[in-house]
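Chain by chain, the residues run as shown.
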Amino acid sequence: MCPLCGKANDCAGAAGRSHADCWCMKEIFPQEILKQISKEYLGKACICKKCLEAFKRNSG
Ligand SMILES: [Zn+2]
Ligand SMILES: [Zn+2]
C-alpha cells in the first residue's frame, strides 16, 4: 500500500509480481516526495498514482 495515504498503490512488486512490470518504473518520483516517506518504506512501497499526481500538481 501507499506509504503516504495508506491506500492501494497498484504496485506489481507489492502484488508479488515482477517490479519491472510496475507502472512506478515508468514514472519519475521527485526527490521531495521521496523525502516524505520514512526510510523503512523507501524502495519497498511505491507511492500511489494519486499521491504522485497530487504532488506534481502542487509543485507545479
Ligand atoms: Zn497514496
Ligand atoms: Zn512499484
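Our structure's up above, just so we're on the same page.
In this text the structure is predicted, and so the values were computed from the model without any measurement.

The rules behind each value
Residues numbered from 1 in each chain as written. Chains lettered and ligands numbered in written order. Predicted model: local features only at pLDDT ≥ 70, side-chain atom pairs only at ≥ 80, totals over all residues. Heavy atoms only, no water. Salt bridge = Lys/Arg side-chain N within 4 Å of Asp/Glu carboxyl O. Helix = DSSP H or I, 4+ residues; strand = E, 2+ residues; numbered from the N terminus. Buried < 20%, exposed > 50% of the residue type's maximum accessible area, 1.4 Å probe, protein only. Donors = N, O, S within 2.8 Å, 3.2 Å for Na, K, Ca; no water. Tetrahedral: all angles 85-135°; square planar, octahedral: opposite > 155°, others 65-115°. Core = buried A, V, L, I, M, F, W, Y, C linked by side-chain atoms within 4.5 Å. Contact = heavy atoms within 4.5 Å.

Colleague: Help me understand the pattern of salt bridges, please; the structure alone is not making it clear to me.
Modeller: Should the charged atoms of two oppositely charged side chains come close, the side chains can pair. Taken as a whole, this structure holds one salt bridge when the rule is applied. Between Glu 27 and Lys 56 there is a salt bridge; the shortest N-O distance is 3.3 Å. With Glu 27 in the segment before helix H1 (31-34) and Lys 56 in helix H2 (residues 49-59), the pair connects residues that are 29 residues apart, well separated along the chain. Relative accessible area serves as the criterion here: at 30%, Glu 27 is assigned to the partly exposed category.

Colleague: How should I be thinking about the coordination of the zinc ion (ligand 2) in this particular structure?
Modeller: Octahedral metal centres with six donors ideally show angles of 90 or 180 degrees, and tetrahedral centres with four donors ideally show 109.5 degrees. Coordination of the zinc ion (ligand 2) by the protein comes from Cys 11 (SG), His 19 (NE2), Cys 22 (SG), Cys 24 (SG) and Cys 46 (SG), over a distance range of 2.2 to 2.4 Å. Of note, the donors binding the zinc ion (ligand 2) are all from one chain and are spaced C-x7-H-x2-C-x1-C-x21-C. Here Cys 22, found in the segment before H1, pairs with Cys 46, found in the loop between H1 and H2; they are 24 residues apart in sequence, far enough to count as distant. When its relative accessible area of 1% is taken as the criterion, Cys 22 is described as buried. Under the relative-accessibility criterion, Cys 46 is labelled buried at 8%.

Colleague: Got a minute to help me understand the coordination of the zinc ion (ligand 1) in this structure?
Modeller: Every protein donor of the zinc ion (ligand 1) is accounted for by Cys 2 (SG), Cys 5 (SG), Cys 48 (SG) and Cys 51 (SG), and the metal-donor separations fall at 2.3 Å. In this structure, the zinc ion (ligand 1) is surrounded by four donor atoms whose angles at the metal cover 106 to 116°, and the resulting shape is tetrahedral. Of note, the zinc ion (ligand 1) draws all its donor residues from one chain, in the sequence arrangement C-x2-C-x42-C-x2-C.

Colleague: Which parts of the structure should I look at to understand unusual backbone geometry?
Modeller: Among all residues save glycine, negative phi is the norm, and among peptide bonds the norm is trans. We note that Asp 10 has phi near 55°; this positive angle belongs to a residue other than glycine. With respect to the helices, strands and loops of the structure, Asp 10 is situated in the segment before H1.

Colleague: Just checking my understanding: could you explain the nonpolar core for this structure?
Modeller: Burial of nonpolar side chains together is a common tendency in soluble globular proteins. Among the nonpolar cores identified, the biggest contains 15 residues, and Cys 22, Trp 23, Cys 24, Phe 29, Ile 33 and Ile 47 are the most heavily contacted of them. In terms of residue count, the dominant contributor to this core is H2 (three residues). The contact partners of Phe 29, leaving out residues within four places of it in the chain, are Trp 23, Cys 24, Leu 34, Ile 47 and Leu 52.

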